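Summary of the model geometry
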Amino acid sequence: MSDTSSLAQNPSESISLDKLKPGKCGYVLKVEAQNDDVKKLMAMGVCEGRIIKLVHLGEPMILQVLGSRIGVSSRLGKTVEVAPCEEDNCCEQGQCSEE
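Some points on the environment of Val46
When you line up the elements, Val46 lands in the loop between helix 1 (35-43) and strand 3 (51-56). Classification of Val46 as buried rests on a relative accessible area of 0%. Those residues in contact with Val46 that lie beyond four places of it in its chain are Val31, Leu41, Leu63, Val65, Ile70 and Val80.

See below:
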């Protein structure tokens, strides 16, 4: 498992999930959704400290979280703040994978 703390060291590089490039992964810094939406996202595994990959940008956005693919509306994606991983293909190489 890699050290994910390096992903979140520069908060100026944080973006909303809908701005992440497809195929890239990011470290979830914050979820700013309404209470019910936060509960839905958490139930799907999208929460602070989690590493997620944007598989497809659209409606819905397809995310890979803990080895599963989920669909999330772009409205909810805008409420998730991530620090993008700077490594190319880090998710495929296992550099950002969680155990």
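On we go from here.
Points about the pattern of salt bridges
Close approach of charged atoms allows side chains with opposite charge to pair. Under the definition given, this model contains four salt bridges. One salt bridge connects Lys30 with Glu32, and the closest N-O pair in it is separated by 3.2 Å. Residue classification places Lys30 among the partly exposed residues on the basis of a relative accessible area of 34%. By sharing partners, the salt bridges in this structure join Lys30, Glu32 and Glu81 into a single network.

Re unusual backbone geometry
Geometrically, the link from Glu59 to Pro60 is a cis peptide bond, its omega value of 0 degrees lying close to zero. Take Pro60: it is sitting in the loop between strand 3 and strand 4 (61-65).

Considerations on the nonpolar core
If you look at the biggest cluster of nonpolar residues, it comprises 18 residues, and the most contacted ones within it are Leu17, Val31, Leu41, Val46, Leu63, Val80 and Val82. If you list the elements that add at least two residues to this core, you get strand 2 (25-31), helix 1, strand 3, strand 4, strand 5 (68-72) and strand 6 (80-84). Counting residues per element, this core draws most heavily on strand 4, which supplies three residues. In contact with Leu17, not counting residues within four places along its chain, are Ile52, Leu54, Met61, Leu63, Gly77, Val80 and Val82. Cys25, Tyr27, Ala83 and Cys85 belong to the second-largest nonpolar core, a separate cluster that totals five residues.

Section: the sheet that holds strand 1 (residues 15-16)
In spatial order, the strands read 1-6-2-3-4-5; together these six strands make up an open sheet with antiparallel pairing. The sheet terminates laterally at strand 1 and strand 5, the two strands that pair on one side only. Across five bridges, strand 2 lies against strand 6 in antiparallel orientation. In the strand pairing of strand 6, Gly26 is matched with Pro84.

Cut-offs applied
Residues numbered from 1 in each chain as written. Predicted model: local features only at pLDDT ≥ 70, side-chain atom pairs only at ≥ 80, totals over all residues. Heavy atoms only, no water. Helix = DSSP H or I, 4+ residues; strand = E, 2+ residues; numbered from the N terminus. Buried < 20%, exposed > 50% of the residue type's maximum accessible area, 1.4 Å probe, protein only. Contact = heavy atoms within 4.5 Å. Salt bridge = Lys/Arg side-chain N within 4 Å of Asp/Glu carboxyl O. Core = buried A, V, L, I, M, F, W, Y, C linked by side-chain atoms within 4.5 Å. Pairing = 2+ DSSP bridges.

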